[in-house]
Amino acid sequence: MIPNNISSPSPSPSNQTNIQISPEQTSILKTPKNYHPFRTRSSRKLAILNVVEHQKTKPIVWFAAILCFIFSLMLIFFGIATLICYLALKPSNPSFDIANASLNLVYFDSKPYLNGEFTLLTNFSNPNRRVHVKFESLHIELFFTNRLISSQSINPFTQKPRETRLQAVKFMSSLLFVAQEVGVKLEEDVQSSNRLSYYARGTFKVKVKMGIIHLSFWLHSVCHMEMTGPPAGSLVARQCITTR
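In every chain, residue numbers begin from 1 and rise along the written sequence. Where totals are concerned, whole chains, interfaces and linings use all residues; where local detail is concerned, this predicted model gives features only for residues with pLDDT of at least 70, and gives and counts side-chain atom pairs only at 80 or more. The side-chain quantities take in all heavy atoms of the structure and omit both hydrogens and water.

Teacher, can you tell me more about empty space enclosed by the protein here?
Every definition here rests on a 1 Å grid over the protein atoms only: cavities are sets of points where a 1.4 Å probe fits but cannot get out, pockets are open sets enclosed by protein on both sides within 12 Å along at least five of seven lines, and lining residues have some atom within 4 Å of a point. Grid points are joined across faces, edges and corners, and a volume is the space filled by probe spheres set on the points. In total, this model carries one cavity of 30 Å³ or more according to the counting rule given. By volume, the largest cavity amounts to about 80 Å³. As for the largest cavity, its lining consists of 14 residues, of which G116, E117, F118, I149 and S173 are closest to the centre. Looking at the lining of the largest cavity, the elements with two or more residues in it are β1 (95-108), β2 (113-125), β4 (147-154) and β6 (164-177). Going along the chain from the N terminus, every DSSP run of H or I of four or more residues is numbered as a helix, and every run of E of two or more is numbered as a strand. The biggest single contributor to the lining of the largest cavity is β2, with four residues. Classification convention: Asp, Glu, Lys, Arg as charged; Ala, Val, Leu, Ile, Met, Phe, Trp, Tyr, Cys, Pro as nonpolar; all other residues, Gly among them, as polar. Of the residues in the lining of the largest cavity, the class split is ten nonpolar, three polar and one charged.

See below:
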């Protein structure tokens, strides 16, 4: 029989881990989120003085910033002024055409050497109503069957609005060496149909004046011409295309 007065063993002191924390220790363990060990009154003053001294901008930086700001305003102003003038005036490209042409002389001094005299009456026109145009670096080349025969330059000139200018350009070729097939084709064209095909290529630098605003661009013209044979060679047909 088991005696009734035997009680269950009480837990030993080693199994009980009761830790008591005082209010002072609790306040030490719970550190505030915004706590900083250097946030005292004197340290805050020193930090503010250091930041102000560190952020002080040099005068040359301010000067460069002011210059950049003024330059940006000038770019915006001139851009808007150019756009307004362009939309108000709507300038058109000048045109180039051939009014007339004459083939005065073509012959061979021995077979491979070509001699010739060719005259073009060119027509430059400014279709704009209120825009002045200046032609610079005018250069015209004359070709026969993709062979350069002669080239000429024209002195610069200025055109008023709605003005047309006729300019005679004479091309001379003396003892120009050409391939045999070029000479054969020229003789065949003269004997068979009394027609010769030439083309002229022009390159012009154009300056447009719109008040205080000046614009410059290049024009490229190609004119195909059909001529009768010399000595009274005259223009039969022509077609000119001008691109920018």
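This is not the end of the story, as more comes after the structure.
Can you help me understand the nonpolar core in this one?
The tendency in soluble globular proteins is for nonpolar side chains to be buried side by side. Joining through side-chain atoms within 4.5 Å is the link that ties buried Ala, Val, Leu, Ile, Met, Phe, Trp, Tyr and Cys residues into a set, and such a set is a nonpolar core. The buried label goes to any residue with under 20% of its type's maximum accessible area, the exposed label to any with over 50%, and the partly exposed label to all in between, with areas taken from a 1.4 Å probe on protein chains only. Of all hydrophobic cores here, the largest spans 39 residues; its most connected members are F118, Y198 and M225. Contributions of two or more residues to this core are made by β1, β2, β3 (132-144), β4, β6, α4 (180-192), β7 (195-210) and β8 (213-228). A contact between two residues is defined here by any heavy atoms of the two lying within 4.5 Å. Those residues in contact with Y198, other than ones at most four positions away along the chain, are L103, V106, F118, L142, F143, F144, I149, C223, H224, M225 and M227.

Mind showing me how you'd approach the state of the cysteines here?
Here, two cysteine sulfur atoms that lie within 2.5 Å of each other are counted as a disulfide. Taken as a whole and assessed by the stated rule, the structure comprises one disulfide. Linked covalently through their sulfurs, C223 and C240 form a disulfide whose S-S length is 2.0 Å. Because the sign of the S-S torsion sets the handedness, a value of about 120° for the bond joining C223 and C240 places this disulfide among the right-handed ones. Of the two residues, C223 is situated in strand β8 and C240 in strand β9 (residues 233-243); the sequence distance between them amounts to 17 residues.

Help me understand the pairing of β8, please; the structure alone is not making it clear to me.
Along any regular strand, the residues point their side chains to alternate faces of the sheet. Pairing of β7 with β8 involves 16 bridges; the strand directions are antiparallel. When the bridges of β8 are listed, L196 appears paired with M227. Sheet topology places β8 next to β9; eight bridges connect them, and they run antiparallel. When the bridges of β9 are listed, V222 appears paired with I241. Two strands qualify as a pair provided DSSP detects at least 2 bridges between them.

Explain α4 here, please?
Within an α-helix, residues lying three or four positions from one another point in the same direction, as the helix has 3.6 residues per turn. The span one expects for a helix is its residue count, reduced by one, times 1.5 Å. Along its 13 residues, α4 runs 18 Å from first to last C-alpha, staying within 8% of the 18 Å computed at 1.5 Å per residue. Looking only at α4, the buried set comprises V182, G183, L186 and D189. Take α4 and look down its axis: the buried residues cluster within an arc of 130°, on one side only. Exposed positions of α4 whose direction lies more than 90 degrees from the buried face are Q180, E181, Q191 and S192. Residues of α4 that are buried in the fold lie against β1, β2, β3 and β7. After α4 finishes, the residue N194 shows a positive phi value of roughly 55°. Working definition: the arc comes from the directions between the helix axis and the C-beta atoms, pointing outward to the latter.

I keep staring at unusual backbone geometry and nothing clicks. Help me out?
In most cases, non-glycine residues show a negative phi, while peptide bonds are predominantly trans. Despite not being glycine, S137 shows a phi value in the positive range, around 50°. Tracing the backbone through its elements, the reader meets S137 in strand β3.

Explanation requested: the pairing of β1 in the structure shown.
Relative to β2, β1 runs antiparallel, the two being bridged by twelve bridges. Across the sheet, the residue bridging to F108 is L114, located in β2. Connecting β1 to the antiparallel partner β2 that follows it, the hairpin turn spans four residues, and S110 within it adopts a positive phi of roughly 65°.

Got a minute to help me understand a nonpolar patch on the surface in this structure?
Residues I66, F69, I70, L73, M74, I76, F77, F78, I80, I84 and I212 make up a contiguous nonpolar surface patch of about 1,200 Å² in total accessible area. In this fold, I76 is placed in helix α3 (residues 59-89). Given a relative accessible area of 51%, I76 falls into the exposed group. Patch building starts from residues that exceed 30% relative accessible area and form no salt bridge, then joins like charges within 9 Å and nonpolar side chains (Val, Leu, Ile, Met, Phe, Trp, Tyr) within 5 Å. Surface accessibility in these figures is a Shrake-Rupley result with a 1.4 Å probe; residues are shielded only by whichever protein chains are displayed. We define a salt bridge as a contact between a side-chain nitrogen of Lys or Arg and a carboxyl oxygen of Asp or Glu at a distance within 4 Å.

Interpretation note: all reported values are geometric properties and have no functional meaning in isolation.
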